[in-house]
Amino acid sequence: MVLRLYNTLTRQKGDFQPIDPSNVRMYVCGPTVYDYAHIGNARPVIVFDVLFRLLRHIYGPDHVTYVRNITDVDDKINARAAERYPELAPEAAIRKLTEETAAQFHKDIAALGVLAPTVEPRATEHILEMVELCDTLVKNGHAYVAADHVLFDVSSMPDYGRLSNRSLEEMEAGARVEVAPYKKGPMDFVLWKPSKPGEPAWPSPAGIKVPGRPGWHIECSAMSWKHLGKVFDIHGGGIDLTFPHHENEIAQSRCAHGTPVMANLWMHNGFLQVEGEKMSKSLGNFITIHELLEDGWPGEVLRFNMLRTHYRQPIDWTKKSLEESARILDSWRPAIETANGNAPAQSVIDALADDLNTPAAIAELHKLANAGDPGLGSTLRFLGFSGETLRAKAEKQAETAGAMADRVAPLIAARLEARKRKDFAESDRIRDELSAMGIALKDTKNKQTGEIETTWEVMR
Ligand code: AMP
Ligand code: ZN
């Protein structure tokens, strides 16, 4: 079967051909662990999980290596650790913050139905590889030492800018940042820098006497090299990482190893915004995965909602769409629970094989559901919907309903009485009171008696 994927490097969809079909290799940039992951961070996690599942389906589960790193050395981490744990020594504060945040990340994404990556390397465990890369790049003339930093000399690489499709001249013209005086060229970037007191520090490369720490980009070059080799199949991440992060990863890896590419295929998910606006702390619309789960949304609903938009399109994350996703998945829960372990439906695989077209795959799921096809459940399971978080939610709602029945019934009776005597102010007041308790009402007319009957359910 042919898998077609869009490649940022060539700006085209093409047939995917692994370097070694017995070991298909994919690297995805993972989180920087200093705070709760937001719902935008969940997008690459979910999108590349679907690709991982598809690759395992095509090449066999033991023939795909998926590496998603954890960035645990970073300026934002240092600042947040000092702020949150002022009583601890810097190193202990950083360790505590990164361990807690990584554990929270794992807890959050477990609910999203994602498989664990094959390897989840941490930057701090790959410092030696980073030092080696720096040494190599200085030795072969692609990097230089200045003011105890190691800097990559972008003028040494003729096709720097190929991924983001910009020439060095264009980039230099657009450079807004104040250029550090020790840089030879304005676009030269840091591979290694000296550590300030209280910052994590390791022995430096290239004969630099003072201890230092790696720049962000070199971390991924080192971890992908260690776990996937000098050239691998797929590199992924959010579209915001194309420049400078991925461009610089490519520069470092290719120039250190003398290879024509770092990865053959570069894939980028589009950005997520919330209710039509860019998500930001200052706008107050910043949503974490943790919050959504706490609010009672099953992780599978978050996953489904994410996959309703094609991964390269921007996604507008709305409550309305979440509610629709919940309704659809609830109606498919019986199929998931009685799934017969069959292979996933070929129509769904075919949709995914066309550049991970998940909206088309979901349209196929609807067709299976409408036809009462017994393959629906196993296809949903293949896509990462185990039904676990849906069941947990339904059980919780049933439990709440049981506990509230004694309080709800008299209120509903009083409301019907109020309606009968046309006291609509009172009946509305009771509806609001129930709504505040988390109870939604539904009125239906009994066709035989003509009486209004009210049913209720616990809202999420
Ligand atoms: P970070 O921890 O900021 O390095 O981001 C981790 C991953 O989440 C990267 O692949 C980012 O590209 C991705 N990401 C961050 N914000 C968003 C967003 N709003 N929408 C989609 N992806 C995002
Ligand atoms: Zn990276």
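For the structure given in this document, a descriptive report is provided here.

Conventions adopted
Residues numbered from 1 in each chain as written. Chains lettered and ligands numbered in written order. Predicted model: local features only at pLDDT ≥ 70, side-chain atom pairs only at ≥ 80, totals over all residues. Heavy atoms only, no water. Helix = DSSP H or I, 4+ residues; strand = E, 2+ residues; numbered from the N terminus. Buried < 20%, exposed > 50% of the residue type's maximum accessible area, 1.4 Å probe, protein only. Contact = heavy atoms within 4.5 Å. Areas by Shrake-Rupley, 256 points an atom, 1.4 Å probe, with all protein chains shown as cover. Axes fitted to C-alpha atoms, helices over the stretch in contact; angles between N-to-C directions. Parallel < 35°, antiparallel > 145°, perpendicular 65-115°, else oblique. Nonpolar A, V, L, I, M, F, W, Y, C, P; charged D, E, K, R; others polar. Pairing = 2+ DSSP bridges. Near = heavy atom within 4 Å. Polar contact = N/O pair within 3.5 Å; in protein donor to acceptor, adjacent residues only side chain to side chain. Donors = N, O, S within 2.8 Å, 3.2 Å for Na, K, Ca; no water. Tetrahedral: all angles 85-135°; square planar, octahedral: opposite > 155°, others 65-115°. Phe/Tyr/Trp six-rings, centres within 6.5 Å; stacked < 30°, edge-to-face > 60°. Lys NZ or Arg CZ within 6 Å of the ring centre and 35° of its normal.

A few words now on the overall build of the protein. In terms of helices and strands, the protein carries 15 helices and 14 strands. In the protein, which comprises 460 residues, the proportion classed as buried is 50%. For the protein, restricting intrachain contacts to residue pairs at least 6 apart in sequence, the fraction spanning at least 24 positions comes to 74%. Carbon and sulfur atoms provide 51% of the accessible area of the protein, an area that totals close to 21,500 Å².

Turning next to the packing of helix α11 (residues 346-353) against helix α12 (residues 358-370). Where α11 meets α12, the axes come as close as 8 Å, and the angle between the chain directions of the two elements is 170°. The orientation of α11 with respect to α12, classified from their angle, is roughly antiparallel. Facing α11, whose interface residues are S347, V348, A351 and L352, α12 presents T358, A360, A361, E364, L365 and L368. In terms of residue class, the contact of α11 with α12 is built from seven nonpolar, two polar and one charged.

Okay, the sheet that holds strand β5 (residues 143-146) next. With respect to topology, four strands assemble into an open sheet ordered β5-β6-β7-β8, the strand pairing being antiparallel. Sheet topology places β5 and β8 (212-214) at the edges, where each strand pairs with a single neighbour. Here the strands of the sheet are splayed against their neighbours by 25° on average, with no regard to which way each runs. Relative to strand β7 (residues 189-194), strand β6 (residues 149-152) runs antiparallel, the two being bridged by three bridges. Bridge assignment links F152 to a residue of β7, and that residue is F189. Against the sheet, helix α7 (residues 242-257) makes contact with β6 and β7, and its axis sits at roughly 80° relative to β7, the strand it touches most.

Quick look at the environment of R25 now. Positionally, R25 belongs in strand β3 (residues 24-28). According to the relative accessible area criterion, R25 is buried, its value standing at 13%. Between the alpha carbons of R25 and K183 there is a distance of 35 Å; along the sequence they are 158 residues apart. R25 has contacts with I19, T65, L228, V231, F232, D233 and I234, leaving out every residue within four places of it along the chain.

On to the pairing of strand β13 (residues 439-445). Each regular strand displays side chains that alternate between the two surfaces of the sheet. Where β13 lies against strand β14 (residues 452-458), seven bridges are found, and the strand directions are antiparallel. Paired with L441 across the two strands is W456, which belongs to β14. Where β13 hands over to β14, the hairpin turn is made up of six residues, of which G450 adopts a positive phi near 75°.

Time to look at the environment of G377. Residue placement: G377 occurs in helix α13 (residues 375-382). For the pair G377 and W332, spaced 45 residues apart in sequence, the C-alpha separation works out to 7.6 Å. In this structure, G377 is in contact with A335, I336 and A339, ignoring residues within four places of it in sequence.

Attention now goes to the site of ligand 1. The environment of ligand 1 is made up of 15 residues, and the closest members are G40, N41, G238, D240 and L272. One nitrogen or oxygen atom from the side chain of D240 is found 2.4 Å from an oxygen atom belonging to ligand 1. At 3.4 Å, a side-chain N or O of N269 approaches a nitrogen atom of ligand 1. Coverage of ligand 1 by the protein chains reaches 86% of its 490 Å² of free accessible surface. Taken together, the residues of the shell around ligand 1 break down into six nonpolar, eight polar and one charged.

Protein-derived coordination of the zinc ion (ligand 2) comes from C29 (SG), C220 (SG), H245 (NE2) and E249 (OE), at a distance range of 2.0 to 2.4 Å. With four donor atoms in place around the zinc ion (ligand 2) and angles of 76 to 129° between them, the coordination shape is irregular. Within one chain, the residues donating to the zinc ion (ligand 2) are spaced in sequence as C-x190-C-x24-H-x3-E. Taken together, the residues span a long stretch of sequence, with C29 in the loop between β3 and α1 (42-59) and C220 in helix α6 (residues 216-228) at a distance of 191 residues. With respect to class, C29 is no different from C220; both count as buried.

Our next topic: the packing of aromatic side chains. The geometry of an aromatic ring pair is captured by two quantities: the separation of the ring centres and the angle between the planes. Applying the stated criterion to the full structure yields seven aromatic pairs. Grouped by ring-pair contacts, the aromatic residues F152, Y160 and F189 constitute a single cluster. The residue whose ring lies beneath K184 is Y144, and the NZ or CZ to ring-centre distance is 4.3 Å.

Glancing now at the sheet that holds strand β9 (residues 232-238). Across the sheet, which stays open at both edges, the four strands sit in the order β4-β3-β9-β10 with parallel pairing between neighbours. One side of each edge strand has no neighbouring strand; the edge strands of this open sheet are β4 (64-68) and β10 (263-269). On average, each strand axis in the sheet is tilted by 20° relative to the strand beside it, whichever way the strands run. Judged from the five bridges that link them, β3 and β4 form a sheet pairing that is parallel. Residue R25 lies in a different strand from β4, and its bridge partner there is T65. With respect to the sheet, α6 is in contact with β3, β4 and β9, its orientation differing from that of β3 by roughly 160°.

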